[in-house]
Amino acid sequence: MHIGGVRTALFAYLFAKKNNGTLILRIEDTDQARAIEGSIQHIQDSLSWLGIDFEYGPNKPGPFGSCIQSERMDSYKAFAQKLMDAGHAYPDPYTHEEITAFREAAKAEKRPFLFRDHRPKTLGAWDGKAPLRFKVPEIKRYRWNDAVRGELEAGEEALDDFILMKGDGYPTYNFAHIVDDHLMGVTHIFRADEFISSTPRFLSLYDALGVTPPIFVTLPAILRDDRTKKLGKRDGAKDVLEYRTEGYLPEALVNYLALIGWNPGTDEEVFTKEELVQRFSLDQIQKSGGAFNETKLRWFNREHILKLTPEKFLKYAEGFLPKEIKATLKKKDLLEKLVPLMRERIQTFEELKEMGEAGEFSFYAETPEYHVKGLLPKDDTDTQRTAAKLKYTLSLLETISEDGWHDQKIKEIVWPYAEQEGRAQVLWPLRYALSGKPKSPDPFTIAGIIGKDETLERISHAIELLHRA
RNA sequence: GGCCCCAUCGUCUAACGGUUAGGACACAAGCUUUUCAAGCUUGGAACCCGGGUUCGAUUCCCGGUGGGGUCACCA
């Protein structure tokens, strides 16, 4: 399942939920050649991760029977026979080669190929094995209403005698989906706009069956980031579950996807799934295609990460932190303390992995190793002067009680001195003494996390190094 | 190529005849608790073109242009 399919499913879900409707996950597995082992499970896993749940599906048959088309063959055969009996269908008398020849001839003459130009004079009986073609009842211009696009129309060239039942006995999508929608009582069909051009064919089949078509809800295409074409598997559309392994939250993906091709009518953008259901309506669906922009998805992910409870955040984080780092932090009871810090620095959980591997958490648990050079602020290279400042800072910190040891308090105590001496002169060495890194959170935060003893120890160590230098 | 659909900042979008064309992401600058991140402030940035209709068009109509889709015993 890729982004496009998920978006269609999501809109159908939002609409169904909003209107107390019933969502059906129907598996259209009528192409045996393309069947892939495990794909039904994969689709279900994807939808389940995103929280798109349905009333009837592969393991939950409805009053209409199975939701898997390969298990509904009797219905298609019955309806095929019905069309045959009514004179709306006929067996295809041609071989593949003959049809290919027709098609090539049409191409050579630069006219569109239409099978109905070759419709046999007498329509033979159907043995149930030959491919069965639909006999278009009336060649005419079709006009129909689409819940998003309004009035749509297409000319007669869009109509043709398409295949209903294939040579292998399976129905085509064109036929099967209409039979099933009818039998399952489907009221609304959500699909992307590549289906607009085949709608006249569907309408002609509905006519022949004497069935009232459902309401068509045409969704705009999701385009590739550069807008050059529809987002497809071949050009960068990932499997949705890859977003899970990359550390995206399902609610973020749902939120972002809902906003490609739909808008809530306000300036707000961050919504939970439930809020989306509440606000969803067909008349806010966009007609024009929209590009899938991963940068904005990342922003949504951050917004939703910010909304997680610390417990939930930690649960996700533990799945992404490198094992050894996680173990050390856990042992020293630092994991919970680091939550706010990790939370404000990431857009996806995968970044925790990268940060962990880059050593951005190790100095909380272990005394950092570094060069004396790093301790010196950029405009003062005198080691003894820096040592003196750290020494004074140390004396200030010693006055804070064990109980009062919080980043706010630490800052309160150190700040006036830093102001007086020059912030960079005091704060850079202090931060470096604690982290051993050219980049890190501010010294007060680090000190607050590692605790008084460890802080004083690290500063003393830095002073020693400076003295020796 | 035939047919069909679509057209507002780089991107996602608001506007349903009268607005300094709004918001968000991204970008740039500044501020901020030295650095990184975050945060805050500010800024640049769009109505595809041409005709109509109208007192007035981003908005309605027509044409063009551009983009997308579709022309299977695939879905």
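Residues numbered from 1 in each chain as written. Chains lettered and ligands numbered in written order. Predicted model: local features only at pLDDT ≥ 70, side-chain atom pairs only at ≥ 80, totals over all residues.

(A) Layout of the overall build of chain A. Helix and strand counts for chain A come out as 21 helices and 9 strands. Taking 23 Å as the expected radius of gyration for a compact globule of 469 residues, we find that chain A reaches 33 Å, considerably beyond that expectation. By its C-alpha atoms, chain A is 105 × 50 × 40 Å across when sized along the principal axes. Counting all 469 residues of chain A, 31% fall into the buried class. Long-range pairs, those at least 24 residues apart, make up 77% of the contacts in chain A with a sequence separation of at least 6. (Helix = DSSP H or I, 4+ residues; strand = E, 2+ residues; numbered from the N terminus. Rg over C-alpha atoms; globule rule 2.2 N^0.38 Å. Buried ≥ 20, exposed ≤ 12 C-beta atoms within 10 Å, placed from the backbone. Contact = placed C-beta atoms within 7 Å.)

(B) How the structure looks around the pairing of strand E7 (residues 215-219). As judged from the 5 bridges shared by strand E6 (residues 188-192) and E7, these two strands associate in the parallel manner. Residue pairing in the sheet places phenylalanine 190 in a bridge with valine 217 of E7. (Pairing = 2+ DSSP bridges.)

(C) Structural view of the packing of helix H1 (residues 3-18) against helix H8 (residues 250-258). Viewed as axis vectors pointing N to C, H1 and H8 meet at an angle of 85°, and their least axial separation amounts to 10 Å. Between H1 and H8, the angle is such that the two are roughly perpendicular. Between H1, through Val6, Arg7, Leu10 and Leu14, and H8, the contact on the second element is made entirely by Val254, Leu257 and Ala258. Per-class residue counts for the contact of H1 with H8 are 6 nonpolar, no polar and 1 charged. (Axes fitted to C-alpha atoms, helices over the stretch in contact; angles between N-to-C directions. Parallel < 35°, antiparallel > 145°, perpendicular 65-115°, else oblique. Nonpolar A, V, L, I, M, F, W, Y, C, P; charged D, E, K, R; others polar.)

(D) Region of the structure containing the protein's contact with RNA strand B. Near RNA strand B, the surroundings consist of 63 residues, among which Glu28, Ser288, Gly290, Trp428 and Arg431 are the closest. For the surface near RNA strand B, the elements supplying multiple residues, two or more each, are strand E4 (150-154), strand E9 (290-291), helix H10 (294-307), helix H19 (423-435) and helix H20 (443-450). It is H19 that contributes the most residues to the surface near RNA strand B, 5 residues altogether. (Near = placed C-beta within 6 Å.)

(E) Quick peek at the nonpolar core. With 77 residues, the main nonpolar core has Leu10, Phe11, Leu14, Leu253, Leu257 and Ala433 as its most contacted residues. By residue number, the principal contributor to this core is H1, which donates 10 residues. In this structure, Met84, Leu132, Ile178 and Phe202 belong to the second largest nonpolar core, which totals 21 residues. (Core = buried A, V, L, I, M, F, W, Y, C linked by C-beta atoms within 7 Å.)

(F) Representation of H10 within the structure. With 14 residues, H10 should reach 20 Å at 1.5 Å per residue; the first-to-last C-alpha distance of 20 Å fits that figure. Turning to H10, its buried residues number three or more, namely Leu297, Phe300, Asn301, His304 and Ile305. Buried residues in H10, looked at end-on, bunch into an arc of 145°, giving them a common side. Opposite the buried face of H10, at more than 90 degrees from it, the exposed residues are Thr295 and Leu306. As for H10, its buried residues are in contact with H8 and helix H13 (335-343). (Expected span 1.5 Å × (residues − 1). Arc of directions from axis to C-beta.)

(G) Quick look at the environment of threonine 212. Within the secondary structure layout, threonine 212 lies in the loop between helix H6 (199-209) and E7. On the neighbour-count criterion, threonine 212 (7 C-beta atoms within 10 Å) is exposed. For the pair threonine 212 and threonine 187, spaced 25 residues apart in the sequence, the C-alpha separation amounts to 9.9 Å.

(H) Fine view of the sheet that holds strand E2 (residues 132-134). Pairing is antiparallel across the open sheet formed by 3 strands, whose spatial order is E1-E2-E5. In this open sheet, the two edge strands, each paired with only one partner strand, are strand E1 (89-91) and strand E5 (163-165). Looking at each pair of strands side by side, their axes are set apart by 40° on average, direction ignored. The sheet contact formed by E1 and E2 spans 3 bridges and is antiparallel. From the neighbouring strand, proline 91 faces E2, where its bridge partner is leucine 132.

(I) Molecular detail of the confidence of the model for chain A. Confidence in the prediction for chain A averages 95 pLDDT; 100% of positions are at 70 or higher. Among the scores for the predicted complex, ipTM is 0.96 and pTM is 0.95. (pLDDT = per-residue confidence, 0-100.)

(J) Representation of the environment of isoleucine 40. Along the chain, isoleucine 40 falls in helix H2 (residues 39-50). Taking the number of C-beta atoms within 10 Å as the measure of exposure, isoleucine 40 has 18 and is therefore partly exposed. As for isoleucine 40 and glutamate 194, which are separated by 154 residues in sequence, their C-alpha atoms are 23 Å apart. If we ignore the near neighbours within four places in the chain, the residues touching isoleucine 40 are Ile27 and Pro58.

(K) Representation of the packing of helix H18 (residues 407-421) against H19 in the model. It is at 6 Å that the axes of H18 and H19 come closest, and there the two elements cross at 130°. Relative to H19, H18 is oriented oblique. Side by side, H18 and H19 meet where Tyr417, Ala418, Glu419 and Glu421 of the first sit next to Arg423, Gln425, Val426 and Leu427 of the second. Class assignment for the residues of the contact of H18 with H19 results in 4 nonpolar, 1 polar and 3 charged.

(L) Spotlight on the environment of aspartate 181. Position of aspartate 181 among the secondary structure elements: in helix H5 (residues 173-184). Considered as a pair, aspartate 181 and arginine 26 are 155 residues apart in the sequence and their alpha carbons are 9.8 Å apart.

(M) Spotlight on H2. Compared with an ideal rise of 1.5 Å per residue, which puts 12 residues at 16 Å, H2 spans 17 Å between its outermost C-alpha atoms and is within 8% of the ideal. The complete set of buried residues in H2 reads Ser46, Leu47 and Leu50. Buried residues of H2, viewed axially, fall in a sector of 90°; they line one side. Exposed residues on H2 whose side chains face more than 90 degrees from its buried face are Gln41 and Ser48. Those residues of H2 hidden inside the fold are in contact with H1, helix H7 (240-245) and H8.

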